[in-house]
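# Structural features, examined
Chain residues, written in single-letter form:
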Amino acid sequence: MRVESRRAGRALLQLPGPTNVPDVVLQSISRPTLDHRGEEFSDLARSVLAGLAPLFGTSRPVALYPGSGTGGWEAALVNTCSPGDRVLVFDNGFFAAKWGRLAAQLGLEVAVIEGVWGSPVDPALLAAQLTRDAAIRAVLVVHNETSTGVTSDIAAVRAAIDDVGHDALLLVDAVSSLGAMPVYHDAWRADITVTASQKGLMLPPGLVALAVSGKAHQARQTAQMPCSYWDFEPMLEAASTGSFPYTPSSNLIAGLATALDLIESEGLDRVYARHRRLAEAVRVAVAAWGLPTVCRDPGSFSSSVTGVVLPSGVDEVAVRSELLSRFGLTLGGGLGRLAGSCLRIGHLGDVDEMMIISTLAATETVLAEIAQTPRGGVEAAMELLGNGRP
Ligand SMILES: Cc1ncc(COP(=O)(O)O)c(C=O)c1O
């Protein structure tokens, strides 16, 4: 870094991923690289894989690959589907739509339910489509749509599939929910649940993990999609052997061990409660600024990210660059058809009250200047946090 470009203090990455990585996790990652065929690594791998399972809400082995969330989408499909299979995507945001496009690129036939960006998955629409289409092989839903800040009710999606007696596999994207809000892979009877390292798990990007049901295992036996790197069979064996079919991201796995220790020592329920409270603090501030959230359904507010609709004519890019240059704060912008129209405030991972208050103070200042929005959001958030102290 050039000396004159140095900014004092700590930059805040309040994106909905990648998120701020705790120093102890960074220190674990920076350890000397391990022999991934040695005993020390296999002990580490087994304990990390065991520690990851409760976050998925599964008692079954979890697969952990070097890769990003997009790779997890592909893994879910190539392990369970055959060329030409029909899959059903509920498009209620940028990431749901992108998963559908990836399925089409793989040669699957993709049926899309056009949902509302800002609303959750509608189980009734899913049920209606499944009733009409017995051939659907898999239903693809995003638990927490990071582009809008909307969390969908996956138990209700499961119930909709069951109610119409459909045999489709349920594939769930929990990329921006796992570690920040409860995920119940087994109880939802999800067939594959995907997550990635750079969000609630408080790691840099580079790991992707999958929980896999017994039914998905069976589907693997007949699935005909080309599948090598993403084959989950040898990956799942690592849970007992500690040995991976190809070179694992061993330093990130060392970091994940520390991140899981942090989560365990805080307590999973307290981690979720912290995310809920901080999310609520962000929303009271946004309300005080007189701005709507992208999420239109108060029952579906995300604990990970809040999308804030900007007044028309306000340049999203100008707001974000002012936040970065003046305060060292990075917020997310609108994605896809929401580009230019909203800010996304990430509040997941290693985040506390102080970080949220700083984020809101900087955002309030810049919005008041650029968009002439009222102040008072920081005060409202502080009051909520003060009152709600557990
Ligand atoms: C919900 C969701 N799914 C999938 C992805 C894609 O993950 P990646 O960018 O790690 O490939 C993202 C990325 O932000 C996401 O938020």
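What counts and what doesn't
- Residues numbered from 1 in each chain as written.
- Predicted model: local features only at pLDDT ≥ 70, side-chain atom pairs only at ≥ 80, totals over all residues.
- Heavy atoms only, no water.
- Helix = DSSP H or I, 4+ residues; strand = E, 2+ residues; numbered from the N terminus.
- Buried < 20%, exposed > 50% of the residue type's maximum accessible area, 1.4 Å probe, protein only.
- Contact = heavy atoms within 4.5 Å.
- Domains from an automatic or database assignment.
- Buried area = accessible area lost by both parts, 1.4 Å probe.
- Salt bridge = Lys/Arg side-chain N within 4 Å of Asp/Glu carboxyl O.
- Polar contact = N/O pair within 3.5 Å; in protein donor to acceptor, adjacent residues only side chain to side chain.
- Nonpolar A, V, L, I, M, F, W, Y, C, P; charged D, E, K, R; others polar.

The next subject is the environment of Pro-18. With respect to the secondary-structure elements, Pro-18 resides in the loop between strand 1 (12-14) and helix 1 (23-29). The class for Pro-18 is partly exposed, based on a relative accessible area of 31%. Excluding residues that lie within four positions of it along the chain, Pro-18 makes contacts with Leu-13, Gln-198 and Pro-205.

What follows concerns the domain arrangement of the protein. Along its sequence, the protein is carved into domain 1 (23-264) and domain 2 (267-387). For domain 1 and domain 2, the distance between their C-alpha centres works out to 27 Å. Both faces considered, domain 1 and domain 2 share a buried interface measuring about 2,100 Å² in area, 61% of it formed by carbon and sulfur atoms. Along the contact surface separating domain 1 from domain 2 lie zero salt bridges. One can count eight residue pairs in polar contact (both at pLDDT 80 or more) joining domain 1 with domain 2. Listed by contribution, the elements that provide at least two residues to the side of domain 1 that touches domain 2 are helix 2 (39-56), helix 4 (94-105), strand 7 (150-151) and helix 10 (250-266). Of the residues assigned to the side of domain 1 that touches domain 2, the class counts are 13 nonpolar, twelve polar and three charged.

It is worth spelling out the pattern of salt bridges at this point. Taken as a whole and judged by the stated rule, the model has 15 salt bridges. A salt bridge links Asp-23 to Arg-10, with the nearest nitrogen and oxygen atoms 2.8 Å apart. Placement of the pair is Asp-23 in helix 1 and Arg-10 in the segment before strand 1, with a sequence separation of 13 residues. With its nearest N and O atoms 2.3 Å apart, the salt bridge here joins Arg-277 to Glu-353. Here Glu-353 lies in helix 13 (residues 353-371) and Arg-277 lies in helix 11 (residues 268-288), a separation of 76 residues in the sequence. Taking the relative accessible area as the measure of exposure, Arg-277 reaches 16% and is therefore buried. By relative accessible area, Glu-353 is classed as partly exposed at 22%. Salt bridges sharing partners connect three or more residues here, namely Arg-86, Glu-109 and Asp-133.

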